[in-house]
There are 2 protein chains.
Amino acid sequence: MEKVILDLIEQLEYLPGIGPKAAQRITYYLLNTSKGKVSALLQAIAFAKDNIQFCQNCGNYTVSKLCSICTNPIRNKSLICIIEQPKDIIGLEASGKYNGLYLVLGGQISPLDNIGPNDLRINLLLHRVQTDNISEIIIATNLNLEGELTANYIKDKLANSKSNNHFKITRIASGLPAGSDIEFADEITLGRALDYRTEI
Amino acid sequence: MEKVILDLIEQLEYLPGIGPKAAQRITYYLLNTSKGKVSALLQAIAFAKDNIQFCQNCGNYTVSKLCSICTNPIRNKSLICIIEQPKDIIGLEASGKYNGLYLVLGGQISPLDNIGPNDLRINLLLHRVQTDNISEIIIATNLNLEGELTANYIKDKLANSKSNNHFKITRIASGLPAGSDIEFADEITLGRALDYRTEI
């Protein structure tokens, strides 16, 4: 195969979820498609990459200083939901159950990867706790080891922060996923589902 | 979500095999990746798109006038394998069973899509039949209705061409795919597998 084609396939294989076959398929699609369509794709990538920055209030992706959630007047500004990545917002928004603001940490505390608390937006969080009128902080870091470690670290930091506000600190629930079979659930999930059972 | 992100997701969804979820995943990967890596991808696409042209001898993708197969001195130049698309070459090369040249039609005769013989590289084929010293032409168009129609049309054209050479015209075999179960084969494939059975 021509080197220029092999180079393109290789570049496409770096994308998440794109294996050699998919990269080949996309390559031949791109070669076979009108220049206009390919330009539109290239411009969309370049434009997003050049213009996207982090919201100064929450760390979400935005093209302005503040993101569309932080500037939305109908959001409840007394709630902060702490998440690891901007993409975590999508599912939480899609649930339709949350109307507050976010705080995007930018990762999780991970000693193995050399990521400590100072690499995350914890100071921004502590600043908002001092200046905003907060009623509740929901910690929605991942349910894995590092996510739990990060949640515990933040809980302690918040508990020790000298804020004049009284706010609740909560953690998103752990339990069985909707639509799942008890048969296939792992024992830790089942243990938590029992621990946190609710009266019906 | 920010419009610039939605635009990028939409552009990525045009790629083959990329649904909304995959497009979202790639978008967040691109936003989260170094500018250098994203530039490399954009440049690979733009470079391929700007430099790839069709081989003047066979219609394959190339950066020169002639593709790497047509200019390869160890290929058997008396064989032509007729295919529909440049990507069909990949599998035939991977089989390790073919060492001749190709002729890429650029599609298949498809009255419903308004694609007739004049939209394909049939004149280039007839020209090569006159000028090259051909011993065999293998028709490897797809095994679907339009591919068979195209194969028949080309067979008739070749048979009527006033070439001084005597060459065989063959069609790739139809039958059961390797590793398949007879139980799950469709009746047309089974019928062909019986029609073209070989002595062992």
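### Re the nonpolar core
Core analysis: the biggest nonpolar cluster contains 42 residues, and Ile5(A), Leu12(A), Leu30(A), Ile5(B), Leu12(B) and Leu30(B) have the highest contact counts within it. Counting only elements with at least two residues in this core, the list comes to helix H1 (3-13), helix H2 (20-32) and helix H3 (35-51) of chain A together with helix H1 (3-13), helix H2 (20-32) and helix H3 (35-51) of chain B. Beyond its immediate stretch of four places on either side in the chain, Ile5(A) contacts Thr27(A), Tyr28(A), Leu31(A), Ile52(B) and Tyr61(B).

### Describing the domain arrangement of chain A
How large an interface is tends to be reported as the accessible area lost when its parts come together. In terms of domains, chain A is made up of domain 1 (3-51) and domain 2 (75-171). A separation of 36 Å is found between the C-alpha centroids of domain 1 of chain A and domain 2 of chain A.

### Quick notes on the relation of the copies chain B and chain A
Note on the identical chains: chain B maps onto chain A by a rotation of 180° and an axial translation of 0.0 Å, with an RMSD of 0.1 Å. Taken together, the rotation angle and the small translation identify this as a two-fold axis. Closest approach to the rotation axis within chain B is made by the C-alpha atom of Leu42(B), at a distance of 3.2 Å. Of the residues that chain B buries at the interface, 98% are likewise interface residues in chain A, meaning the two copies contact each other through the same surface.

### Focus on the interface of chain B and chain A
Listed as interface residues are 46 residues of chain B and, on the opposing side, 45 residues of chain A. Approximately 4300 Å² of surface area, both sides summed, lies buried where chain B meets chain A, with 73% of it carried by carbon and sulfur atoms. It is Glu2(B), Lys49(B) and Tyr61(B) in chain B that bury the most area against chain A; as a group they hold 16% of the surface buried on that side. Connecting chain B to chain A are 2 salt bridges. Ionic pairing is found between Asp50(B) and Lys35(A), a salt bridge with its closest N-O pair at 3.4 Å. For the interface between chain B and chain A, the tally reads 13 residue pairs in polar contact (both at pLDDT 80 or more). Only H1, H2, H3 and strand E2 (61-62) of chain B provide two or more residues apiece to the side of chain B that touches chain A. Looking at the side of chain B that touches chain A element by element, the count peaks at 13 residues for H3(B). When grouped by side-chain class, the residues that make up the side of chain B that touches chain A number 29 nonpolar, 9 polar and 8 charged.

### A few points about the packing of H3(A) against H2(B)
In helix packing, the relevant descriptors are the interaxial angle and the interaxial distance, both defined with respect to the helix axes. Direction vectors running N to C along H3(A) and H2(B) enclose 50°, while the axes themselves pass 9 Å from each other. With respect to H2(B), the element H3(A) is oriented oblique. Here H3(A) and H2(B) pass one another in a crossing that is right-handed. In this structure, H3(A) uses Ile45(A), Ala48(A) and Lys49(A) to contact H2(B), whose residues at the interface are Leu30(B), Leu31(B) and Asn32(B). Class assignment of the residues belonging to the contact of H3(A) with H2(B) gives a composition of 4 nonpolar, 1 polar and 1 charged.

### Quick word on the pattern of salt bridges
Residues and elements named next belong to chain B. Tallied over the full model, the rule gives 12 salt bridges over all chains. Here Arg192 ties to Glu148 by a salt bridge, and the two come within 3.2 Å at their closest N and O atoms. Of this pair, Arg192 sits in helix H7 (residues 187-195) while Glu148 is found in helix H6 (residues 145-160), placing the two residues 44 residues apart along the sequence. Classification of Arg192 as partly exposed rests on a relative accessible area of 23%. With a relative accessible area of 21%, Glu148 lands in the partly exposed category.

### Notes on the packing of aromatic side chains
For the structure shown, the criterion picks out 6 aromatic pairs over all chains. Ring plane angle 20° and centroid distance 5.7 Å describe the contact between Phe54(B) and Tyr61(B), whose orientation is recorded as stacked. Residue classification places Tyr61(B) among the buried residues on the basis of a relative accessible area of 4%. An aromatic cluster of three or more residues is present, and its members are Tyr28(A), Phe54(B) and Tyr61(B). Taking the ring centre of Phe54(A) as reference, the NZ or CZ of Arg121(A) above it sits at 4.7 Å.

### Quick notes on the pairing of strand E3 (residues 76-83) of chain B
Residues and elements named next belong to chain B. Extensive coverage of E3 is indicated by the burial of 6 of its 8 residues. For the segment spanning E3, helix H4 (residues 88-95) and strand E4 (residues 100-104), crossover handedness is right-handed. Relative to strand E5 (residues 136-139), E3 runs parallel, the two being bridged by 4 bridges. Bridge pairing links Leu79 to Glu136 in E5.

### Details of the sheet that holds strand E5 (residues 136-139) of chain A
Residue and element names in this part refer to chain A. Within the open sheet, the 4 strands sit side by side as E4-E3-E5-E6. Their pairing is parallel. Of all the strands in the sheet, the pair left with one neighbour each is strand E4 (100-104) and strand E6 (168-171). The sheet shows a mean angle of 25° between the axes of neighbouring strands, taken without regard to direction. Across the sheet, helix H5 (residues 122-131) is in contact with strand E3 (76-83), E4 and E5; its angle to E4 comes to roughly 150°.

### So, the environment of Ile137(A)
Residues and elements named next belong to chain A. Mapped onto the elements of the fold, Ile137 is located in strand E5. For Ile137, a relative accessible area of 0% corresponds to the buried category. C-alpha of Ile137 to C-alpha of Glu148: the two residues are 11 residues apart in sequence and 15 Å apart in space. Every residue in contact with Ile137, bar those within four places of it in the chain, is listed here: Ile80, Ile82, Leu125, Val129, Leu158, Phe167, Lys168, Ile169 and Thr170.

Calculation criteria
- Residues numbered from 1 in each chain as written.
- Chains lettered and ligands numbered in written order.
- Predicted model: local features only at pLDDT ≥ 70, side-chain atom pairs only at ≥ 80, totals over all residues.
- Heavy atoms only, no water.
- Core = buried A, V, L, I, M, F, W, Y, C linked by side-chain atoms within 4.5 Å.
- Buried < 20%, exposed > 50% of the residue type's maximum accessible area, 1.4 Å probe, protein only.
- Helix = DSSP H or I, 4+ residues; strand = E, 2+ residues; numbered from the N terminus.
- Contact = heavy atoms within 4.5 Å.
- Domains from an automatic or database assignment.
- Least-squares fit on C-alpha atoms with pLDDT ≥ 70 in both.
- Buried area = accessible area lost by both parts, 1.4 Å probe.
- Salt bridge = Lys/Arg side-chain N within 4 Å of Asp/Glu carboxyl O.
- Polar contact = N/O pair within 3.5 Å; in protein donor to acceptor, adjacent residues only side chain to side chain.
- Nonpolar A, V, L, I, M, F, W, Y, C, P; charged D, E, K, R; others polar.
- Axes fitted to C-alpha atoms, helices over the stretch in contact; angles between N-to-C directions.
- Parallel < 35°, antiparallel > 145°, perpendicular 65-115°, else oblique.
- Left-handed = near helix turned anticlockwise from the far one by under 90°.
- Phe/Tyr/Trp six-rings, centres within 6.5 Å; stacked < 30°, edge-to-face > 60°.
- Lys NZ or Arg CZ within 6 Å of the ring centre and 35° of its normal.
- Right-handed = clockwise from strand over helix to strand, strands pointing away.
- Pairing = 2+ DSSP bridges.

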